[in-house]
Structure formats: C-alpha cells, structure tokens
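# Fold and geometry: a report
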2 protein chains.
Amino acid sequence: MTAKIFSVEDEESLVSLLEYNIKSSGYDFYHASTAYQGMIDIQKVKPDLILLDWMLPDQPGTEICKFIRSHESLSETPIIMLTAKGEEGDLVSGLNIGCDDYLSKPFSPKELIARINALLRRSKNKNKESILEFENIKMNTDTHRVYCCNKEAKLGPREYSILEFLMKKPGRVFTRQQILDSVWGTNVYVSDRTIDVHIRRLRQALSTTEECKVIRTIRSSGYSLDIEA
Amino acid sequence: MTAKIFSVEDEESLVSLLEYNIKSSGYDFYHASTAYQGMIDIQKVKPDLILLDWMLPDQPGTEICKFIRSHESLSETPIIMLTAKGEEGDLVSGLNIGCDDYLSKPFSPKELIARINALLRRSKNKNKESILEFENIKMNTDTHRVYCCNKEAKLGPREYSILEFLMKKPGRVFTRQQILDSVWGTNVYVSDRTIDVHIRRLRQALSTTEECKVIRTIRSSGYSLDIEA
DNA sequence: TTTCAGCTTTCAAAGCAAGTTACATAGGGG
DNA sequence: CCCCTATGTAACTTGCTTTGAAAGCTGAAA
C-alpha cells in the first residue's frame, strides 16, 4: 500500500513542487489550502504523514497540530512542519506541540523526501527510541538532527557518524583505529590524522554559542565523549 | 604470540589464496575442508579467529557457527563468513546466527586482511576487566580515568600505562626491565633510570590530598604496587 | 661514622602527539 | 557545465611528555 501524504499549504507554487516530488517518490498526494479545510479532509483521508505550513491564512499550523494530536485515530500520525525563514525561533515550541520534524523554507526536495522516508520508516516500526542524549547534546537518529544547548548544530555526514558512535558509549575512550573501523568501515585506508580534523570540525559545530566541551582528548589513546576533569 | 586463523573451506584454489595472504600478514594458518573435520580441529587448535565458508560439502557453515557459539571455550571466537555471490540474501540470518562479519566472493585479499585485523583488535580489547582497584586507587580502563581517595588523579600516558601494568598484579614485584618490556615494548632502548622518573611522577600524581603510599620500592629489585611494610 | 652503591629528585632539551589551517579533489545538485 | 559541499592530506604550530644527565639522598656494611 502506498503511503498517503497530506499537505496543508497555501502557497500555490510550493504545492505543485511538493506534489511533483512526492508523487515522484511513489506516495499519494493530498492537499488543502486552509487550516479549516485541512482538518476536515485529514479526518477523511487518514494520511500516513502530514506536512503543515507554519503560517496559514486562517489559523497557524500549530492549531492543526494540536487538533491531530488530540484525535484518537490521528494522534500517531507523523507531522513535518514547514517554516519560512526567520521563524525557526519558534521551533522549540513547535517541537513541544508535537510535530516530529521541521524544515525551513527554502528546502531541497531531496531533503524533504529523505525526512518523509525517515519518519514513515519510524512510524512503521515505532518501537525503538531514536533519541540519544548526553549532557547538553541531543541527537535524533531518525531525523539526523543534533541539538546542543537546545540550538541545532549543523554537522557534516562524517561528523554526524562520529558523534553517533561516541554517543552510543558515552565516557568510553576509543582509539582512532576503533573510530575508523566503525565510522569508515574496515578496508578503507585513511590516515589516522584525518580523525583529528573531523574531531575539530565536530567540536566547532557543537560550539554554538557557549563553549561546550564534551569531547575529551586522551593523549596517545584517543577520544571520548565526556566532560573534562 | 601470533594469532591463529582457522579456515573451513572446500575450494582448493581459495584455500591456497587464503593461506598465502594470511601467512604473509604474520598469522598462523590452519585449515579443514569439511564442516565435520573443522569442528574437530577447531577444538584442538583453539584459533583466535575463524573463516567459514557458507557452503560446505557436508553441512552449511552456519552449523559450525552454532556449534562454536554453544561451546564454552570457543564461544567468544570471532567468525567471518565467506559467501558466494547471490547468497547475500541469507546474510541477515547469518549475522543473527552469530558470525561477526562476512565477505562475498570474490573478495580482495586486502579487504579480508583488513577485516581480520579489525576483528582481532576488537576481540583483544573485549574481555578485559574495565575497573581495576587496589586499596584507595580506582582505575577505569574504559574511560581512562584514575581515582585516588575518590579524587581524580591526572596522569600522563606513560604513568597511566605503568600504573595499569602494576594494578593487574597487585603486590607482585617487577624489575625495571619487566616494566620497560611491558610498557615500552621490547626492543626499545631506554635507560632504566627513566623508570625512576616516571615512578616519581606517578607517586606525585597519586598524592592528591593525603599521602597515598601504594608504590613500594624494593631496593635492588624494582617496584610493586603494595603497602609499605 | 664513613663509604659507596643504588635510589630519588630536579631540570632543560628534544621529541612527539594533537590542534590548526589551508588546499586539492571528488561528487552531487542545480 | 558550473558551483558548492564534503572529505582527506599535508604542512605548520603548540604545548605537553618524555628523556637522560647530574646532583642529592639513603641505608647498609665496614
């Protein structure tokens, strides 16, 4: 059964972009232009995933969010919020309200699809918790988003993998070789020193506003996710 | 001690390829052509790593896998499964059965060696106790942190290694040469006196607040981790 | 008590691991 | 086809660690 994606969005041009990309990815596409119409149609369609615009002509997207979460049959439906640039500040409350992920406009269609896939995958086997946490670092392995001190940190793929690896065994020291084996995989020949560079990039990315020293260097041994003594 | 690699494989040509590459990498090579013979010889040899062909003339490799995992003395031995092309589909079950890695034929010898190295590295660090304790000294080899009288002690890498070495056999006396061989490695030429210096630094680092005499000097012999008589 | 070998402490230079920066390249997306 | 990001390497810097020499100390034997 193909998954049904429901979008509530008033911008015409964006709707057609969404429709094109979502249908290309093999999903069914449904749509409403206002919050009011959306709430009606969502109950009929019972979609597998909902895309909500943050700003709608009649009511804010968050209202639909609350509506969905409070309806027995819909409450488990994953929701992705779409925000215009500059509205990110409210996102913290958005996540609290109950949406599962968000994207800031303009976003790449590829990224949207990736997040839809991830959320659908999760809701299919919604058994396991996908949040890793250590100190003030939070990591959502479904959405691949990382937060440090409640601000999102933008990591490259490699930095993300290294952090994920470290987060799975916080405090434990790993040699460069162990990190290479696990993140790069065996039979890949990369210099040990490459790790240093990525660790630097990771530290830099995690230093959002305040200093956030969570990666400890153990000289001649390796690195660990830990607080400096 | 060189690690022993045991291969169960019926293809003649592949066996000689394996033998050549594994021996070139400095490992001992053992071999059986059938599952039955393999199970017998593996018990005698007690190898450090096992290569299993998925398809064998008498029984599938998975049977050997089960056999190994259910035998007390062998159950921790890492296993790499070798599969012919097209058998990958069954690999999921293979990994569930308990092999640690797999390779699809044809594979590059380089890759095989890389995976062997990686697994041996992993199994070497596996079964060592991560908390060492003596008197009021506590040492966590996972996090590389050392506590003396419940306060963290900051040690340099060398001091750390020396302490770890001593903590493994508390009370026992080691000559300077033994410490050198173990911590620095054999065939490294460093003056004996160097040990004295590091011992001093170690003592200093362990004297956090109160006097904490746990390293005993045995004049004209060496040092031991012990309480002064 | 003196002597001497062996042990401890101190010190400064050399060594080395990690941090940092810059750059070439590759790969993907528009 | 061009631009941009991600990645890995190399070169340089920094600061701690290691090291051996040498001076100071200790304890046992004479």
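Let me begin by describing the structure that accompanies this report.

Calculation rules
Along each chain, numbering runs from 1 in the same order as the chain's sequence is written. Starting at A for chains and at 1 for ligands, labels are handed out in the order in which the entities are written. Under the rules for a predicted model, residues below a pLDDT of 70 receive no local features and side-chain atom pairs below 80 are neither given nor counted, while totals for whole chains, interfaces and linings still include all residues. Burial is judged by counting other C-beta atoms within 10 Å of a residue's own C-beta: 20 or more means buried, 12 or fewer means exposed, and anything between counts as partly exposed, with every C-beta placed from the backbone. Think of it this way: any DSSP run of H or I at least four residues long counts as a helix, any run of E at least two long counts as a strand, and we number them from the N terminus. In this scheme, strands are said to pair when DSSP sees at least two bridges between them. When the strands point away from the viewer, a crossover counts as right-handed if the path from the first strand over the helix to the second runs clockwise. The rule is simple: place the C-beta atom from the backbone, and if it lies within 6 Å of a molecule or strand, the residue is near it. Residues are sorted three ways: Asp, Glu, Lys and Arg are charged, Ala, Val, Leu, Ile, Met, Phe, Trp, Tyr, Cys and Pro are nonpolar, and all the rest, Gly among them, are polar. Only the stretch in contact is used when a helix axis is fitted, and all axes are lines through C-alpha atoms; the angle between N-to-C directions ranges over 0 to 180 degrees. Each angle is binned into one of four classes, with values under 35 degrees roughly parallel, values over 145 roughly antiparallel, values of 65 to 115 roughly perpendicular, and all other values oblique. C-beta atoms are first placed from the backbone for all residues, and any pair lying within 7 Å is then listed as a contact. Multiply 1.5 Å by the residue count of a helix minus one, and that product is the helix's expected span.

Let us look at the pairing of strand β3 (residues 49-53) of chain A. All names here are of chain A. Judged by how many residues are buried, β3 sits mostly within the fold: five of five residues are covered. Side chains of β3 alternate between two faces, with L49, L51 and D53 and I50 and L52 buried alike. With four bridges connecting them, β3 and strand β4 (residues 79-83) associate as parallel partners. Pairing of D53 across the sheet is with L82, part of β4. After leaving β3, the chain enters helix α3 (residues 61-69) and then returns to the sheet as β4, a path that is right-handed.

Moving on: the protein's contact with DNA strand C. Close to DNA strand C lie 17 residues; T217 of chain A together with D196, R200, T217 and S220 of chain B are nearest. When contributions to the surface near DNA strand C are tallied by element, the ones reaching two or more residues are α5 (109-124) and α8 (193-206) of chain A together with α8 (193-206) of chain B. A per-class count over the surface near DNA strand C returns four nonpolar, five polar and eight charged.

Glancing now at the packing of helix α6 (residues 157-168) of chain A against α8 of chain A. A pair of packed helices can be characterised by two numbers: the angle between their axes and the separation between those axes. Residue and element names in this part refer to chain A. Two elements in contact, α6 and α8, have axes whose closest approach is 9 Å; the angle formed by their N-to-C orientations is 85 degrees. One finds that α6 runs roughly perpendicular with respect to α8. In this structure, α6 contributes R158, E159, I162 and L163 to the contact, and α8 contributes H198, R201, L202 and A205. Classifying every residue of the contact of α6 with α8 by side-chain character gives four nonpolar, one polar and three charged.

Attention now goes to the protein's contact with DNA strand D. Around DNA strand D sit 19 residues, and of these G156, P157 and S191 of chain A together with G156 and R158 of chain B come closest. Of the residues belonging to the surface near DNA strand D, the class tally is seven nonpolar, six polar and six charged.

Before going further, it helps to spend a moment on the environment of L202 of chain A. For L202 of chain A, the position within the fold is in helix α8. Setting aside chain neighbours within four positions, we find L202 of chain A in contact with L155, E159, I162, L163 and I215 of chain A.

With 13 residues, helix α1 (residues 12-24) of chain B should reach 18 Å at 1.5 Å per residue; the first-to-last C-alpha distance of 18 Å fits that figure. Directly after α1 of chain B, the chain includes G26 of chain B, whose backbone phi takes a positive value near 90 degrees.

Take the pairing of strand β7 (residues 137-140) of chain A next. Residue and element names in this part refer to chain A. Residue alternation in β7 divides its side chains into a buried set, I137 and M139, and an unburied set, K138 and N140. Bridge count for strand β6 (residues 131-134) against β7 is four bridges, and the pairing is antiparallel. Among the inter-strand pairings, I131 is bridged to a residue of β7, identified as N140. In sequence, β6 turns back onto β7 through a hairpin of two residues, with E135 there showing a positive phi of about 50 degrees. Pairing between β7 and strand β8 (residues 145-148): four bridges, direction antiparallel. For K138, the partnering residue across the bridge sits in β8 and is Y147.

As far as function goes, none of this settles anything; it's purely spatial.
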